[in-house]
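Structure at a glance
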Amino acid sequence: MRSLDQARALCESYLPGLLDGLSKVPFEQRESSGGGTLPVFRASNGPSLVIPKDYGGLGATPLDAVRVTRAIGAHAPSLAVATTMHHFSVATLFTFAESIKNSGMEWALLEAITSRNLLLSSGFAEGRPSQGILSPTMTATPVTGGYRINGSKKPCSLSHSMDLLTASVAVPASDGGLQTAFLLMPATLRGVTRHPFWASSVLAGAESDEVRLTDVFIEEELVIPTENGPDGMLDDLQTVGFIWFELLITASYLGMASALVERALAAGRGATTDRAALGTRLETATQLVEGAARAMMAGDTDNDALARVLMARYGAQDAITDAARQAVEMLGGMSFIGSPDVAYLIAACQCVAFHPPSRASVAAPMVDYLDGTHPFIMNDTAPAGATPAPRSVAAPAAPAAALAADASAPATNAPQPPGGAAVSGGSPVATPTPGVESVGAAPVTAPSLHQQPVVTYRPQAAVPRTDERSAVTAADAADWDQASSLFDGAEGIRLTARDCDLHYWFTNVPQRTLRGNIVGYAPELVTPDFLHEPGPLRDALIQEVAFRALAEERAARAIGHIVACAPDSTTAEFYATQLVDETRHAMIFRNHLRNLGVDERDVAAVIAEQTAGDKAGILDPLEELGMPIVRDQQDFMGGVVLLTILVEGFLAPSIELSERKWRPIDPRMADMEKGASIDEVRHLAVGTSIIREHLQQHPEEKDRLVELIRGGMRLWEQLPVADQLTRWENWFQEGITPHLDMIGDYEIWDGRRLVDTTPEDRIQKAVEVTSIVHSTRLTDMGLGRALIY
């Protein structure tokens, strides 16, 4: 079909290989949850489609974006709907990029969307009759440095694949009332969870499940207040967001109907006049949507333009459903019976009517606009008796609840979010916590890292030795039997340097962690004979042990510099104990090489040989980043940040994975890793508290440390760690094949037998836990925005 072929050609020019890549995935798989279309979309640079070229994007115009979305909708309906939620959000943000810079939102957040191909999901209004699409869906309670967010969004497209979540909340205004604010937050923040919601098979690939936010802390730099214009009209940013959404979501369904009409025309069934009428009806929708896109390109983006776009959307909606129905009728019953795709597409096309705003909800203001009585005002969503609060922010607002209007589901009696936002009359209410300071000042802008002075760390007064989140005592955190693991939630434990001084270490670690076993395992444990035999299992173990021995020794050498520049005896004592821990770890792994038959005289040579590539590719770049900071600049806090986040934060989950996978095969290795993991959890917790306390005393250091973390994470992303893990796990997978009976029903984590896992499963689990550790620790430090880099 001519217009669809043109859309496909344009899609190929913007996103080379996307349609071919999608075609390689069976249609049924494309449309299922986790169907594999989003990786293809990312690989084709799809997330940058509508981002302006000036900001590193592909710069698609509204017209081109409509056509590309139509082409995607014809091949992968769920992908078109899901990515619409991303496209209109980023298009709106970058349309007002300069103003957003001035609003206080950190520009690096927007840069990361382009540079890292991030996906944004929309947590704005729901298709719920009792709640209008402009009403905030979540509540925000002011706390020092930011807000505590609670609420729920269902359905929420891209719920499982999103990198960032956008949402609207009700926040206290300067006059004592409430106003709507726009949030941009990392999707990995602690308290962001996903829950099953979408039960239909239609558009299941859009990942439209429920996303809940439970006591999620976000920094004030991630919040932009919004406002209404004169006489209740939407501000510019909200209006542009609405227009982008209506264009792209309609184009998604236009693509689905186009796929049906193309089949009908190709089949040649029915009279020529009927086929002409069918094509004409579909192209009516095309002209309506493309005409609205052209008007937007001409600068037609005011409130009147929104009214015209909605009229075009409703007209196109009728044409789309009409054309889809006529195409299926023309194809005939045998086509419907014989091709599941036909039945799927006709069902999917009906969903175009479910996206807000519904015709009924805007009927009155539309009539007022049409007869000239009043301007078009989408005021159906304002809370009863509420008046938008004024604000004194230099920038125009970010999109409010209407923006994302993500309602891939029918707007029918959806259940209220359990335990989420407090809703009264369909509108959330935010109530500041008594006694909690509301911090609304703009963040201090830091100079460059090279210009900003380093502030000396000063510890705070002692506090009880109890983890206030999990109620785990410091002593229990060191206990072999009672210590929690990262796989089981230990990432939330809170310990301080005062909790874990030398007295603590001598009292607890040798007795409760090591249990007197200096080499890390009980004397009755043995190394199985088959691990002395050449083969992939021995290769995996030898290389992993060798790398661990070298990495722990390199970490210990760096920690020596942190001890040297520690500002007080409390932190010096703690990092002295960590120096001992890491040195002991290196020792026990060297010792295990001897357990595996390596002669003591050859241990150093074996380590050098086995780790040569990983040393050059992973350890050397990390050392080049960190050593100038701790050795040359004697930047204690910078060293703590890099050690806690970049080294411990990335390596600790893989250590625990190692313990769990080797447990039924090499119990000595498993015990060594378990003891090391207990140590690393303690190191993570104390490092986090040191940074948190420092920032409470020196908030001006926040920007410097955020940039330091981001630089480290960008470096880590470039390191060949995935190659290393894949190599180890593939060897391990091949090596355990002869030993499956011995491993039996052993579960590597709850509900999953080791023998049922693949290398990809185990690596993904480590990645997931690493993400949780980073989000938890950075949020606890007050540096959650560093997750966007």
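To start, this report covers the structure provided alongside it. (Residues numbered from 1 in each chain as written. Predicted model: local features only at pLDDT ≥ 70, side-chain atom pairs only at ≥ 80, totals over all residues. Heavy atoms only, no water.)

1. Focus: the overall build of the protein
Regarding its fold elements, the protein presents 25 helices and 12 strands. Here the protein, with 789 residues, has 59% of them falling under the buried criterion. Across the protein, contacts joining residues at least 24 apart in sequence account for 82% of those joining residues at least 6 apart. For the protein, the exposed surface amounts to about 29,400 Å²; the carbon and sulfur share of it is 53%. (Helix = DSSP H or I, 4+ residues; strand = E, 2+ residues; numbered from the N terminus. Buried < 20%, exposed > 50% of the residue type's maximum accessible area, 1.4 Å probe, protein only. Contact = heavy atoms within 4.5 Å. Areas by Shrake-Rupley, 256 points an atom, 1.4 Å probe, with all protein chains shown as cover.)

2. Re the nonpolar core
The biggest cluster of nonpolar side chains holds 222 residues, and the ones touching the most others in it are Ile-149, Leu-203 and Ile-218. At 17 residues, the largest contribution of residues to this core is made by helix α9 (residues 236-267). Beyond its immediate chain neighbours, meaning those up to four positions away, Leu-203 contacts Glu-31, Pro-77, Ser-78, Val-81, Trp-198, Tyr-253, Met-256, Tyr-344, Ala-348 and Cys-351. (Core = buried A, V, L, I, M, F, W, Y, C linked by side-chain atoms within 4.5 Å.)

3. Examining the packing of aromatic side chains
Inspection of the entire model under this criterion finds 7 aromatic pairs. Centroid distance Phe-88 to Phe-245: 5.4 Å. Interplanar angle 70°. Geometry classified as edge-to-face. With Phe-88 in helix α6 (residues 77-95) and Phe-245 in helix α9, the pair connects residues that are 157 residues apart, well separated along the chain. Judged on exposure class, the residue Phe-88 and its partner Phe-245 are both buried. Here the aromatic rings of Trp-505 and Phe-506 are separated by 5.3 Å at their centres, their planes lie at 90°, and the arrangement is edge-to-face. Its relative accessible area of 11% is what places Trp-505 among the buried residues. Members of the aromatic cluster, connected to one another through ring pairs, are Phe-574, Tyr-575 and Phe-636. Its guanidinium or amino end placed over the ring of Phe-732, Lys-661 lies 5.0 Å from that ring's centre, counting from NZ or CZ. In this structure, Lys-765 is placed above the aromatic ring of Trp-749, and the distance from its NZ or CZ to the ring centre is 5.3 Å. (Phe/Tyr/Trp six-rings, centres within 6.5 Å; stacked < 30°, edge-to-face > 60°. Lys NZ or Arg CZ within 6 Å of the ring centre and 35° of its normal.)

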